[in-house]
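Inside the fold
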Amino acid sequence: MRLLAAELVDSREILPGQWIQAFHAPHLANGSRAGQFVHVRPGDWSGLVLRRPFSINTADPASGIVTIHFRTIGRGTEWFTRLRAGDAIDMLGPLGRPFEVDPRSRHLLLVAGGLGMAGVRMLADEAIRDGREVTLLFGAASAREVYPSSLLPDEVEYVVATDDGSMGHAGFVTELVPEYEAWADQAFACGPQPMLAALARLAATRRGRMGVAKLGRKRGGGKMDPVGSPAARRKAFLQVSMEQNMGCAVGACLGCVVMSSSGTPQRVCREGPVFSAEEIAWEAGW
Amino acid sequence: MKAKKRVVTSADRAPVRRRTPTVRRVKSAFVTPTPAQARPRASVPAPTATAAELAVLDAIDLSVDLGRGLMLENPILVASGTFGYGVEYGEVVDVQRLGAICCKGTTLRPRIGNVTPRVTETPAGMLNSIGLQNPGVDAVVERYTPIWQGWRTAVIVNVAGESVADYVEVVRRLDGVPGVAGIELNISCPNVGKGGIQFAIDAEAAASVTAAVRRVTDLPLLVKLSPNVADVRPIARAIADAGADALTAVNTLSGIAVAPSRRKPLLGNVYGGLSGPAIKPVALRVVYEVAQVVDIPIVAIGGVTDLADVLDYLAVGAVAVQVGTAIFADPTLPVRLIDELAAACLERGFDSYRPLIGTALPSRPGPPSAKGVEYRP
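Residues numbered from 1 in each chain as written. Chains lettered and ligands numbered in written order. Predicted model: local features only at pLDDT ≥ 70, side-chain atom pairs only at ≥ 80, totals over all residues.

1. Here we look at the overall build of chain A
Tallying secondary structure elements over chain A gives seven helices and 16 strands in all. The C-alpha radius of gyration of chain A comes to 19 Å, within 12% of the 19 Å expected for a compact globule of 286 residues. Principal-axis analysis of the C-alpha atoms gives chain A an extent of 60 × 45 × 40 Å. Across the 286 residues that make up chain A, the buried fraction comes to 52%. (Helix = DSSP H or I, 4+ residues; strand = E, 2+ residues; numbered from the N terminus. Rg over C-alpha atoms; globule rule 2.2 N^0.38 Å. Buried ≥ 20, exposed ≤ 12 C-beta atoms within 10 Å, placed from the backbone.)

And the structure:
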């Protein structure tokens, strides 16, 4: 975690109201992993008192460029869209804990809903670089909000679902998952909470539905890793990247918690934003 | 289940270890001078001060006595709830330079806090309703006080409770623990049903909890006032008379926000506490009023975002300020304010910041003349 000045290199509106901005920040580009985020300070200081958290969308160590992907929803995000190339902004990062990919996993299933693309986008890059196969299921309200495939690596199998059926599968993206879950070794998701909860329900019953008998040997040799540790998350089938209103983003203010299945609130900024699906108490209504 | 044994056939060959694929760090072949390095950073001024200038700044006396031996090196504190337990910001902030740290509100038993959403931004401020999530006083003592012990910076533990007995028990457990420099009684948390707000809105109740805590500890005792009252002066006076060493003014203002759907309030707890620049005028008014009725030091808090805010609070009678919400946007602000305050003193030709205190208060009537005192009615 470091406080650094990042210079805007490129900014464009990829979809109506959705922007991707590229910043020159070598420390972030080299030192961050998929799933981590940055906390960015809007320069419009008249009345804005909080930073804005953004997933690191892509990071290119060679050029030192990181990108963020966001929707304009208020004064803070609108301020970002008015930045010009060369403007420097204040970033705190990298923050949070990354996705944990099991070294044995060959097939990764990524599931993104809407802006959730920003949460899993970098994992696709990392996985392909490590020689894994990636299928990315993407859900949006309609065709005009579908993430352009030109912004994805060629190696990714990209499957789209839209709520109104204007492109790809008509319905929720979660309906596509059963087709791929036998193929997938691990799944990673980011999106609206109902989508993640539905995926968590699928993941919890996956073995039973696929008829996989639980034999004596557990994955990992029967040794139990502490809940929430990187090793435990690596063994989970589904990891999710959670979202919550955030204050400090370093774990001091306790504003951005989600309820865990153990009954203790977990900080999205510190223990998360990535959690294994069974760590979260989905029915708690937090 | 036994782990598979690996047989090493030749002595000089290290066993082949399976490695998890990690992020490959690709170093760029050439280094272009980045414009980001060339230009001065927007928010953090470059350290242009020379060693000589720094020595002059060091010579300015910023130390402050909050009573009962709580001597702070400078009057810039960080507010409870915005700085965790002092460890969260890690390398980003030089914790050792701060005047003091007020830690997250601590209760007798662990609390899980309120349902989410817990924070939201509002015009020039933010609403929070964390609900006093904390691991309980015993866990705080066990986990954090050994760390605090090694710090130059004083740590003031913010204590909350539901009853007088709760406050007394928490303070009893903190009393004498190395690393705990003082107590800040949070009798004004607006975000929990029984967060003690009932103590802050009634002079008698405020005095009774202060007195009860005073009896069990010799630690310096600060009491945090609530702005959610009609007149804060009798309450402040009662707390001072009950044995508090200093007052903190003020806690957050109670408020609500509405969800974007307009179908329910935004915060999970409905009510939240408003902080940030939006409440500065209110906090200034409270400090101004309280400073005229009590003789104990006042630590001001509410929307401090730059040196001008610090000077304003000092002018209305505060001896120190806490920085809160502004830390979220700029974690380095408190440390910078220390240097800026010293520079402001230097510029005015003061060797201490004390001449800045109370300059905007109405001049008090002088001590009564000894002449003819026997004729006074």
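Don't stop here, the text continues.
2. Digging into the nonpolar core
One finds L247(B), V287(B) and V321(B) to be the most contacted residues of the largest nonpolar core, which totals 198 residues. Dropping the residues within four chain positions of it, L247(B) is found in contact with L222(B), V223(B), L225(B), A236(B), I239(B), V290(B), V294(B), I296(B), I298(B) and V299(B). (Core = buried A, V, L, I, M, F, W, Y, C linked by C-beta atoms within 7 Å. Contact = placed C-beta atoms within 7 Å.)

3. Thoughts on the sheet that holds strand β7 (residues 88-95) of chain A
Residues and elements named next belong to chain A. Ordered in space as β4-β3-β7-β1-β2-β6-β5, the seven strands form an open sheet in which the pairing is antiparallel. With partners counted over all chains shown, the strands left at the sheet margins are β4 (52-55) and β5 (58-60), one partner each. Here the average twist between neighbouring strands, direction ignored, is 35 degrees. The strands touched by helix α3 (residues 117-129) within the sheet are β4, β5 and β6 (65-71), with β5 carrying the most contacts at an inclination of about 35 degrees. (Pairing = 2+ DSSP bridges. Axes fitted to C-alpha atoms, helices over the stretch in contact; angles between N-to-C directions.)

4. Let's talk about the sheet that holds strand β9 (residues 221-224) of chain B
Residues and elements named next belong to chain B. What the eight strands build is a closed barrel, ordered β3-β4-β7-β8-β9-β10-β13-β14; its pairing is parallel. Pairwise comparison of adjacent strand axes, ignoring direction, gives a mean angle of 25 degrees for this sheet. Those strands touched by helix α5 (residues 164-174) are β7 (154-159) and β8 (182-186), and its axis lies near 155 degrees from that of β7.

5. Section: the domain arrangement of chain A
All names here are of chain A. Here the domain parsing of chain A yields domain 1 (2-95) and domain 2 (107-284). Measuring from the centre of the C-alpha atoms in domain 1 to the corresponding centre in domain 2 gives 23 Å. Opposite the 20 residues of domain 1 that make contact, domain 2 presents 21 residues. For the side of domain 1 that touches domain 2, the secondary structure elements donating two or more residues are β1 (2-15), β3 (37-41), β4, β5, β6 and β7. Considering every element that reaches the side of domain 1 that touches domain 2, the biggest residue donor is β4, with three residues. Its residues assigned to classes, the side of domain 1 that touches domain 2 shows 12 nonpolar, six polar and two charged. (Domains from an automatic or database assignment. Nonpolar A, V, L, I, M, F, W, Y, C, P; charged D, E, K, R; others polar.)

6. Describing unusual backbone geometry
Looking along the chain, the bond that leaves G272(A) and enters P273(A) is cis, with omega of 5 degrees. Within the secondary structure, P273(A) is located in the loop between β15 (265-267) and β16 (274-276). The peptide bond linking A249(B) to V250(B) adopts the cis configuration, its omega dihedral lying at 10 degrees. Within the fold, V250(B) resides in the loop between β10 (246-249) and β11 (253-256). For R68(B), which is not glycine, the phi dihedral falls at a positive 55 degrees. Relative to the elements of secondary structure, R68(B) occurs in the loop between β1 (64-65) and β2 (71-72). A residue is classified by how many C-beta atoms lie within 10 Å of it, and R68(B), with 16 of them, is partly exposed. You will see that L132(B), though not glycine, has its phi angle at about 55 degrees, which is positive. Position of L132(B) among the secondary structure elements: in the loop between β6 (125-128) and α3 (137-143). With 25 C-beta atoms counted inside 10 Å, the residue L132(B) sits in the buried group.

7. Side note on helix α7 (residues 203-216) of chain B
Residue and element names in this part refer to chain B. The end-to-end C-alpha separation of α7 is 21 Å, in line with the 20 Å expected for 14 residues at 1.5 Å each. Listed as buried for α7 are A203, A206, A207, V209, T210 and V213. The buried residues of α7 occupy an angular sector of 165 degrees when the element is viewed end-on, so they sit on one face. Across α7 from its buried face, at more than 90 degrees, point the exposed residues E204 and R215. (Expected span 1.5 Å × (residues − 1). Arc of directions from axis to C-beta.)

8. Comments concerning the environment of Q149(B)
Residues and elements named next belong to chain B. Mapped onto the elements of the fold, Q149 is located in helix α4 (residues 145-149). C-alpha separation for the pair Q149 and V180, spaced 31 residues apart in sequence, amounts to 7.7 Å. Excluding residues that lie within four positions of it along the chain, Q149 makes contacts with P178 and G179.

9. Let's talk about the confidence of the model for chain B
Residue and element names in this part refer to chain B. Predicted confidence across chain B gives a mean pLDDT of 83, with 80% of residues reaching 70 or more. Low pLDDT (under 50) marks residues 7-47, which in the prediction has 36 contacts with non-local residues, meaning those over four places away or in another chain. The complex prediction reports pTM at 0.84, with the ipTM value standing at 0.87. (pLDDT = per-residue confidence, 0-100.)

10. What to know about α3(A)
Note on helix geometry: an α-helix contains 3.6 residues per turn, so any two residues three or four positions apart are oriented the same way. The terminal C-alpha atoms of α3(A) lie 19 Å apart, and with 13 residues this matches the ideal 18 Å at 1.5 Å per residue to within 8%. Among the residues of α3(A), those classed as buried are M117(A), A118(A), G119(A), V120(A), R121(A), M122(A), L123(A), A124(A), E126(A) and A127(A).

11. Let's talk about the pairing of β6(A)
The two faces of the sheet receive side chains in turn, since in a regular strand these alternate between them. Residue and element names in this part refer to chain A. Summarising burial for β6: six of the seven residues are buried, a large majority. Bridge count between β5 and β6: three bridges; the pairing is antiparallel. In the strand pairing of β6, A59 is matched with V66. The hairpin turn running from β5 into β6, its antiparallel successor, is four residues long, and G64 in that turn takes a positive phi close to 75 degrees.

12. Some words on the environment of I201(B)
Residues and elements named next belong to chain B. Tracing the sequence through the fold places I201 in the loop between α6 (197-200) and α7. C-beta crowding within 10 Å serves as the criterion here: with 16 such atoms nearby, I201 is assigned to the partly exposed category. Through-space distance from the C-alpha of I201 to that of N228 is 7.4 Å; in sequence the pair is 27 residues apart. Filtering out sequence-adjacent residues up to four positions away, I201 remains in contact with S226, N228 and V229.

13. Topic: the pairing of strand β14 (residues 320-323) of chain B
All names here are of chain B. Here β14 shows no split at all, with A320 and Q322 on one side and V321 and V323 on the other all buried. When strand β3 (residues 76-78) meets β14, the two strands line up parallel, connected through three bridges. Note on β14: the bridge partner recorded for V78 is V323. Pairing analysis gives three bridges linking strand β13 (residues 298-301) to β14, with the strands arranged parallel. Bridge pairing links I301 to Q322 in β14. You can see the chain leave β13, run along helix α10 (residues 307-315) and come back into β14, and the turn it takes is right-handed. (Right-handed = clockwise from strand over helix to strand, strands pointing away.)

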